[in-house]
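Listed below, chain by chain, are the residues.
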Amino acid sequence: MTSTDDVPGAERRRLAEADEDGVPWRAWGPYLAERAWGTVREDYSPHGTAWEYFPHDHARSRAYRWNEDGMAGVCDDRQRFCFALALWNGVDPILKERMFGLGGDSGNHGEDVKDHWWYQDSTPTHSWMRWRYHYPQRPFPYDDLVAVNAARTREDPEYELIDTGVFADDRYWAVTVDYAKSSPTDLCVLVTVANRGPEAATLHVLPHLWFRNTWSWGTPFRDRVPRIAGGGGRLVGRHQLLGEITLAGDGDPRRLYCDNESNAPRLWGQEPRTAYPKDGINDHVVRGADTVNPEEEGTKAALHYVLDVPAGGSREIRLRLTLTGTGSGAHPDPGCDLGAEFDAVLAARRAEADAFYDELIPAHASRPERAVARAAFAGLMWSKQFYHFDVARWLTGDPTSAPPPEGRTRNANWWHMHSSDIISMPDPWEYPWYAAWDLAFHCVTLARVDPGFAKEQVLLLLREWYMHPNGQIPAYEWAFEDVNPPVHAWAALQVFHLDGARDHDFLARVMHKLLINFTWWVNRKDVNGNNVFEGGFLGLDNVGPFDRSAALPTAGVLEQSDGTGWMAMYALNLFDMALLLAVRDPAYVDIATKFFEHFAYIAAAAYHQDLWDDKDGFFYDVLHLPDDSRLPLKVRSVVGLLPLCATTTLDSVTVSRLPDLAARLQWFVTNRPEYADLIGVHRAYEAGHQQRLLSVVGPTNLTRILSVMLDEEEFLSPYGLRTLSRRHLADPFSVTLGGTVYTVGYEPAESSSGLFGGNSNWRGPLWMPMNYLLIGALRGFGEFFGDDLEVEYPSGSGWTVTLDAVADDLSDRLISLFVPDAHGRRPMYGASELLQSHPDWRELIAFPEYFHGDNGAGLGAWHQTGWTALIADLILTRRR
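Visitor: How should I be thinking about the overall build of the chain in this particular structure?
Guide: Within the chain one finds 24 helices and 34 strands. Counting only C-alpha atoms and orienting by the principal axes, one finds that the chain spans roughly 85 × 65 × 60 Å. When the 880 residues of the chain are sorted by exposure, 64% land in the buried category. Intrachain contacts of the chain at a sequence separation of at least 6 include 71% that bridge at least 24 residues. For the chain, the exposed area adds up to about 30,400 Å²; of that, 49% sits on carbon and sulfur atoms. Averaged over its 80 positive side-chain charges, the chain has a centre that lies 3 Å from the centre of its 120 negative ones.

Structure below.
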């Protein structure tokens, strides 16, 4: 399949073939994790110390139970085979098979990867992908990174690889891997290694092919051991279910074989299962050890290339990974062309990728904006991973392994969960596990390029093997029972509309599941039954004076403005869904009226239960004490802005098509006048058309809360909206509870508080998801009020603009984080001269987890392309 006929539609045609005809274009992809060590799945320790139980030092020697990891890796959608790159610069103590970083136990700001790599490109079917890595020619400073970071405190910055001087004089390798599919199971791979240093140097390149170990754990019907053999420049693997897969390479590489089995003598001082364990190739290449199988077979193998490259020069390796034996989509001809056809496939797929994104990204976007959007989509595509976790088996142990230790109770109530799916991850190294509310945001951007996959992702966590029987959606593997904000309904609506507002079956499937989850919220997170909600930390760790998920430091109930705002938004989302479905099926009218009324109850409760402070014009969390008094926690944070997002409009055209709904709404408005401010604001347009505003925040309170949000001394930053008001820099909030003083102060970068450990921080930085939601809320208000409502922007400036103009400017501020300014500097790269100025680094775009509240520097997880990829959606919206 090398034709470029109808180039602009080639990738869309593949998507249609995958969605409608079952052609498995998504079957192979970058689903191999960047990190599997230090995860909950691999943790069998008594007390849940995942980082210590399975550290980086074990990863090269220890067979994983649940998932594999590697660099620039691909695998099939059940991770039966794995392919990834390994490198050796001739001086490192180990092969570079996986990224190195510090865990929550050793990083001074928590989890922190130290390698530098970028996801440069990918189409949604992974027909074309590009990956880039910078590998030092000097010894990788593993010990130095550990020691210096260990000596630093929370007040100190992280000690990064570029701080060690290892890249000085440009002594590094720029390694690029291009992937192009000739067919769903025929992958052309071009590895380019460029010597950026001032002298000739040698690099060992070891493309690896291996099978995930499913045979050692005593699982029924999975005990057959696959094998890899070969000849010439080929590795040929044979697997009971997969069939035969061939990795062919050009030139004359050595073939090295070992077994994907743990090195028991090295790890535990036990008898070996094999003479050639998982780290056999590593030990052979680095130390010359006799640890590769001379009979040339195993379950893990590599083609060993030794490349001598002159200063400033580059070398290429051509590889082809093909399903060549029995199995769906297999290729009977094992020729594996690495010449003219190989070139044609790469050229065609790259051209098709260019055409796909040229069509998608508006022409009005600047060249830097186009590059940012394309990289954001690429990162989102590369962040897909095969996620495997059978919680019941994990809790009880495998037949061939020792029983898990007593006291290991993490996720014990989630025994029903059995994951074996491709899931979009928040970050492929720091967060290589799904997070419920992160995933909802991913789906919005995914829907721009692959609506079919986005819809699958929205539905996935609502399926019976994820959602708890009681209706709770799992949060993430460290604590499935934690509570993430209920944003799945919002995401489903976004995806529905981005997909052309035509897949009503999808919407109905989602809604049936969400009705169960909504009921869980009402029954479990409204302790007093007064329509204000608790929820816990709700994803906003460190935003309050104390841990909102832990036991309170005093008797009472913490009634949350964000929890209540989320639930009001949830009710409106379900109301909107029901309306969309009721036009086709009148049975949904009753559901629409139910959520219309439930929204009114929740919105009114936010005022009746004193979450709204009329003097300050802001929402706060409130401690409801046993004597029925209420103590507001007057922290100016995003918690108090969230109720703005509970907003929608009801169109008279829709109401006229649903007479039963119209009658019930009229009854409610007439007989419940106390809710008039929340549901009674309406506007008339031409030809008798009317709209009614449903919102927690009515027109009067809207202008008051926006005056706070749009104040540069409070939330408004040059680069978006902060999560905590800057007023708390000089005036921290403090409260004394149970004899202890709890304080919240504005911190624009990393938090000095360890409430949630590591790099969790909502005390000042800019976070993309909350900015995105608030921009969406402003657009909703702007659509309703039009030019009739203007606000001062920035507050105190004397300039007034429409709410749409505010939304546009906030979008532009966020976009400006990523694109070069007038001086050619990207704010997100902060003071790093290497990233700002070096011609080989400055055009490579990362997607940090969050951003400094004052100067926009990127912070936290560096490859967090999950919800940070929303920047692509903002660019498409602004430049459409």
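Let's pick the thread back up.
Visitor: Would you take a moment to explain helix 12 (residues 488-498) for this structure?
Guide: Count 3.6 residues to each turn of an α-helix, and residues three or four apart come out pointing the same way. Among the 11 residues that make up helix 12, 8 are buried, leaving the element largely enclosed by the rest of the structure. Inspection of helix 12 places His488, Ala489, Trp490, Ala491, Ala492, Leu493, Val495 and Phe496 among the buried residues, and these make up the whole buried set. Buried residues along helix 12 sit in contact with helix 10 (436-449), helix 11 (451-460), helix 13 (504-524), helix 14 (561-582) and helix 20 (768-785). Among the residues trailing helix 12, glycine 500 stands out with phi positive, at a value near 95°.

Visitor: Can you help me understand the sheet that holds strand 22 (residues 621-624) in this one?
Guide: Backbone hydrogen bonds hold the strands of a sheet together, and the pairing may be parallel or antiparallel. What the 3 strands build is an open sheet, ordered 19-22-23; its pairing is antiparallel. Two strands bound the open sheet, and with one partner strand each, they are strand 19 (557-559) and strand 23 (630-633). Averaged over neighbouring strand pairs, the angle between their axes works out to 25° when direction is ignored. With 4 bridges connecting them, strand 22 and strand 23 associate as antiparallel partners. Counted as the bridge partner of valine 622 is proline 632 from strand 23.

Visitor: Would you explain the packing of aromatic side chains in this entry?
Guide: Two descriptors summarise a pair of aromatic rings, namely the distance from one centre to the other and the angle between the planes of the rings. Scanning the model with the defined rule gives 60 aromatic pairs in all. A ring pair is formed by tyrosine 434 and phenylalanine 480, whose centres lie 6.2 Å apart and whose planes are at 20°; its orientation type is stacked. A residue pair is termed long-range when its members are at least 10 positions apart, and tyrosine 434 in the loop between strand 18 (418-424) and helix 10 and phenylalanine 480 in the loop between helix 11 and helix 12 qualify at 46 residues. Among the residues examined, phenylalanine 480 registers a relative accessible area of 0% and is labelled buried.

Visitor: Before we go on, may I ask you to explain the nonpolar core in this structure?
Guide: Nonpolar side chains tend to gather and get buried jointly when the protein is soluble and globular. Formed by 273 residues in total, the largest nonpolar core has its most connected members in Trp131 and Ile871. Take this core: its biggest share by element is 14 residues, from helix 14. Counting 11 residues, the second largest nonpolar core, distinct from the first, contains Phe546, Leu623, Leu724 and Leu737.

Visitor: Could you clarify how one ought to interpret the sheet that holds strand 16 (residues 314-323) in this entry?
Guide: Spatially, 6-7-8-9-16-13-12-11 is the arrangement adopted by the 8 strands of the open sheet, whose pairing is antiparallel. Bordering the open sheet on either side are strand 6 (116-122) and strand 11 (227-231), each of which pairs with just one other strand. The mean angle between the axes of side-by-side strands here comes to 15°, regardless of whether they run parallel or antiparallel. Sheet topology places strand 6 next to strand 7 (residues 128-136); 6 bridges connect them, and they run antiparallel. Considered in strand 7, the bridge of aspartate 121 is made with arginine 130. In the packing of helix 7 (residues 340-360) onto the sheet, the strands contacted are strand 6, strand 7, strand 8 (172-183), strand 9 (186-195) and strand 16, and the crossing angle to strand 8 comes to about 90°. Against the sheet, helix 8 (residues 367-382) contacts strand 6, strand 7 and strand 8, and its axis sits at roughly 100° relative to strand 6.

Visitor: Could you clarify how one ought to interpret the pattern of salt bridges in this entry?
Guide: Side-chain pairs of opposite charge can arise where the charged atoms are in close proximity. According to the stated counting rule, one finds 61 salt bridges in the structure shown. Two residues, aspartate 186 and arginine 320, come together in a salt bridge whose shortest N-O distance is 2.9 Å. Taken together, the positions of aspartate 186 in strand 9 and arginine 320 in strand 16 put the pair 134 residues apart, joining distant regions of the chain. The partner of arginine 878 in a salt bridge is aspartate 812, and the shortest N-O contact between them spans 2.9 Å. In this pair, arginine 878 sits in helix 24 (residues 870-878) while aspartate 812 sits in helix 21 (residues 803-815), placing the two residues 66 residues apart along the sequence. A relative accessible area of 25% means that aspartate 812 is categorised as partly exposed. Within this structure, Glu369, Arg779, Asp804, Asp808, Asp812, Arg878 and Arg879 form a network of salt bridges that share partners.

Visitor: Could you clarify how one ought to interpret the packing of helix 13 against helix 15 (residues 589-608) in this entry?
Guide: The interhelical angle for the contact between helix 13 and helix 15, taken along N-to-C directions, is 30°, at an axis separation of 14 Å. Here helix 13 lies roughly parallel to helix 15, going by the angle between them. Like other packed secondary-structure pairs, helix 13 and helix 15 cross with a definite hand, here left-handed. Packed against helix 13, whose contacting residues are Met511, Leu515, Phe518 and Val522, the element helix 15 presents Ile591, Lys594, Phe595 and His598 at the interface. Here the contact of helix 13 with helix 15 is composed, by residue class, of 6 nonpolar, 1 polar and 1 charged.

Visitor: Would you explain helix 6 (residues 280-287) in this entry?
Guide: Of all 8 residues that make up helix 6, 7 are buried, and the element is covered over most of its length. By the burial criterion, the buried members of helix 6 are Gly280, Ile281, Asn282, Asp283, His284, Val285 and Val286. Looking at the buried side of helix 6, the elements it contacts are strand 3 (81-88), strand 10 (201-211), strand 14 (254-258) and strand 15 (300-309). The first or second residue beyond helix 6 is glycine 288, which carries a positive phi of 70°.

Visitor: In this structure, what is going on with the packing of helix 8 against helix 10? I would like to understand it.
Guide: Two packed helices can be described by the angle between their axes and the distance between those axes. Across the interface, helix 8 lies against helix 10 with an axial gap of 10 Å and an inter-helix angle of 110°. Between helix 8 and helix 10, the angle is such that the two are roughly perpendicular. Of the residues in helix 10, those touching helix 8 at Phe377, Leu380 and Met381 are His442, Thr445, Leu446, Arg448 and Val449. Taken together, the residues that form the contact of helix 8 with helix 10 break down as 5 nonpolar, 2 polar and 1 charged.

What counts as what
- Residues numbered from 1 in each chain as written.
- Predicted model: local features only at pLDDT ≥ 70, side-chain atom pairs only at ≥ 80, totals over all residues.
- Heavy atoms only, no water.
- Helix = DSSP H or I, 4+ residues; strand = E, 2+ residues; numbered from the N terminus.
- Buried < 20%, exposed > 50% of the residue type's maximum accessible area, 1.4 Å probe, protein only.
- Contact = heavy atoms within 4.5 Å.
- Areas by Shrake-Rupley, 256 points an atom, 1.4 Å probe, with all protein chains shown as cover.
- Lys, Arg positive; Asp, Glu negative; His and termini not counted.
- Charge placed at Lys NZ, Arg CZ, Asp CG, Glu CD.
- Pairing = 2+ DSSP bridges.
- Axes fitted to C-alpha atoms, helices over the stretch in contact; angles between N-to-C directions.
- Phe/Tyr/Trp six-rings, centres within 6.5 Å; stacked < 30°, edge-to-face > 60°.
- Core = buried A, V, L, I, M, F, W, Y, C linked by side-chain atoms within 4.5 Å.
- Salt bridge = Lys/Arg side-chain N within 4 Å of Asp/Glu carboxyl O.
- Parallel < 35°, antiparallel > 145°, perpendicular 65-115°, else oblique.
- Left-handed = near helix turned anticlockwise from the far one by under 90°.
- Nonpolar A, V, L, I, M, F, W, Y, C, P; charged D, E, K, R; others polar.

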